[in-house]
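# Close look at the chain arrangement
In case you want the letters, here they are:
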Amino acid sequence: MKKVFFAFICCLLLTSLAKAQIEKRGIQDYLDSYAGENAVPYVQPLADILTSNINTGIWDWSAIPDQFYLRLKLQGMMSFPDESMRTFTGRTTGDFRPEQSIQVPTIIGNQNATVIQGDNNEVYIFPGGYNLDQIILGTPQVTVGGFLNSEVSGRFLSFRLSDDVGRVHFYGLGARHSLTGYFDNPPIDLTVGYFYHHIEAGTYLDSDQHLFSAMVGKSGKIFSGHLGVGYQTSTSDVHYTFDDGNEQFNVDLNLENKNPWILEAGFGLKLGPLFATTAVSYARHPTVSAGVGLAF
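Being a predicted model, the structure only gives us computed values, none of them experimental.

Here we come to the overall build of the protein. From N to C terminus, the protein includes three helices and 15 strands. Out of the 296 residues belonging to the protein, those deemed buried represent 48%. Excluding contacts between residues fewer than 6 apart, the proportion of contacts in the protein whose partners are at least 24 apart in sequence is 61%. Surface accessibility of the protein: about 14000 Å² in total, with carbon and sulfur atoms responsible for 59%.

With that out of the way, let us pick up the layout of surface pockets. Considered as a void within the structure, the largest pocket measures approximately 320 Å³ in volume. Lining the largest pocket are 14 residues, with I64, F183, N185, P186 and D189 positioned closest to its centre. Residue composition of the lining of the largest pocket, grouped by class: five nonpolar, six polar and three charged.

Summed over the entire model, instances satisfying the criterion amount to six salt bridges. Across the pair R86 and E83 runs a salt bridge whose closest N-O atoms are separated by 3.7 Å. One salt bridge connects R97 with E99, and the closest N-O pair in it is separated by 3.9 Å.

When the terminal C-alpha atoms of helix α3 (residues 39-54) are compared, their 24 Å separation across 16 residues agrees well with the 22 Å that a helix rising 1.5 Å per residue should span. Within α3, the axis deviates most sharply at P45, by approximately 30 degrees.

To continue, consider the confidence of the model for the protein. Overall, the predicted model of the protein reaches an average pLDDT of 84, with 84% of residues at or above 70. Contacts from residues 1-8, a stretch scored under 50 in pLDDT, to residues over four places away or in other chains number 23 contacts. Ignoring residues within four places in sequence, the model shows residues 11-32, a span with pLDDT below 50, making 59 contacts including any to other chains.

With that settled, consider the environment of E151. Structurally, E151 is set in strand β7 (residues 150-162). Linking E151 and G193, residues 42 residues apart in sequence, is a C-alpha distance of 9.4 Å. Among all residues touching E151, those that are not within four sequence positions of it are W59, I64, Y69, R71, T143, V144, G145, G174, A175 and R176. Reaching out from E151, the side chain makes a polar contact with the side chain of Y69 at a distance of 2.5 Å.

What follows covers empty space enclosed by the protein. The final tally for this structure, using the stated rule, is two cavities of 30 Å³ or more. Residue lining of the largest cavity: 14 residues in total, with N55, W59, L211, S213 and E264 positioned closest to the centre. Residues that form the lining of the largest cavity fall into these classes: eight nonpolar, five polar and one charged. Roughly 40 Å³ of volume is contained in the second largest cavity. For the second largest cavity, the full set of lining residues is G57, W59, D60, K73, H226, G266, F267, T277, T278, A279 and S289. No other element matches strand β14 (residues 274-282), which puts three residues into the lining of the second largest cavity. Residues of the lining of the second largest cavity, tallied by class, amount to three nonpolar, six polar and two charged.

This paragraph deals with unusual backbone geometry. Note the cis peptide between R97 and P98, where omega equals -5 degrees. Relative to the assigned elements, P98 resides in the loop between β2 (87-91) and β3 (101-105). One non-glycine residue, N121, lies in the positive phi region at around 60 degrees. Within the secondary structure layout, N121 lies in the loop between β4 (114-117) and β5 (123-126). The phi angle at N185 is positive, at roughly 50 degrees, despite the residue not being glycine. On the basis of relative accessibility, which here comes to 77%, the residue N185 falls in the exposed class.

Here is what the cut-offs are and how they apply
- Residues numbered from 1 in each chain as written.
- Predicted model: local features only at pLDDT ≥ 70, side-chain atom pairs only at ≥ 80, totals over all residues.
- Heavy atoms only, no water.
- Helix = DSSP H or I, 4+ residues; strand = E, 2+ residues; numbered from the N terminus.
- Buried < 20%, exposed > 50% of the residue type's maximum accessible area, 1.4 Å probe, protein only.
- Contact = heavy atoms within 4.5 Å.
- Areas by Shrake-Rupley, 256 points an atom, 1.4 Å probe, with all protein chains shown as cover.
- 1 Å grid on protein atoms, 1.4 Å probe; cavity = no way out; pocket = protein on both sides within 12 Å on 5 of 7 lines; lining within 4 Å.
- Points joined across faces, edges and corners; volume = space filled by probe spheres on them.
- Nonpolar A, V, L, I, M, F, W, Y, C, P; charged D, E, K, R; others polar.
- Salt bridge = Lys/Arg side-chain N within 4 Å of Asp/Glu carboxyl O.
- Expected span 1.5 Å × (residues − 1).
- Bend = angle between axes of the 7 residues up to and from the residue.
- pLDDT = per-residue confidence, 0-100.
- Polar contact = N/O pair within 3.5 Å; in protein donor to acceptor, adjacent residues only side chain to side chain.

See the structure below:
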């Protein structure tokens, strides 16, 4: 169970540079009280952050040139959780009496557990979180364009997490089309696009992410700037075996993104074959991205 949930965390973070403070506590300690109705709201913020994180800074340049081009880029994204994402209303379950509701940490919240005293000197423990201040991800990206006023982009990562969990696979594929590419010397660049991401880890995690976006901007030979709006959806199915000390049973969680709208502002700089991009987005929490690469 410990390795399964660790796989879920690592997949959502894509073995990221997240500052998870887990020193003296095992993964099991975080989930033992969350096999029931509290499980989804406990983990939900991580799924929301992942969606907006990987959807920030996807598009490099506001215009789509009409000549063939190839771009190779390394992209980094950093998300900052909103304070409201650090707590949720937890409810006591099972035979614990009296039933109570209380604000407790989510998986990214305070690392201190919340203990409630019940009848007959019973206690109910809501585990703390990982106390994450930010989540940092990274991915390579390749973009090919210059045909039919369109471009296609792809991302891919694959690595082995452990013998029990197996391989983690992350890939993305998307396309963008220029609506102003049909005109000569348009005053602005207007494009629409779609991007799909998939993450899986053995039989334990299967996550699909979708982004539909529109972008308006202006670009030249050296500089590019844009404003964009997107509608993002995601579903993450998590499967693991829960052990309550007496028996084991299967648990299935389904997480959906709760922050569908994402706004973005971006800037690009190109000097010869070298280019750099940066973007900031907001989807009830901010995310910043930066990328560097080569253009041919």
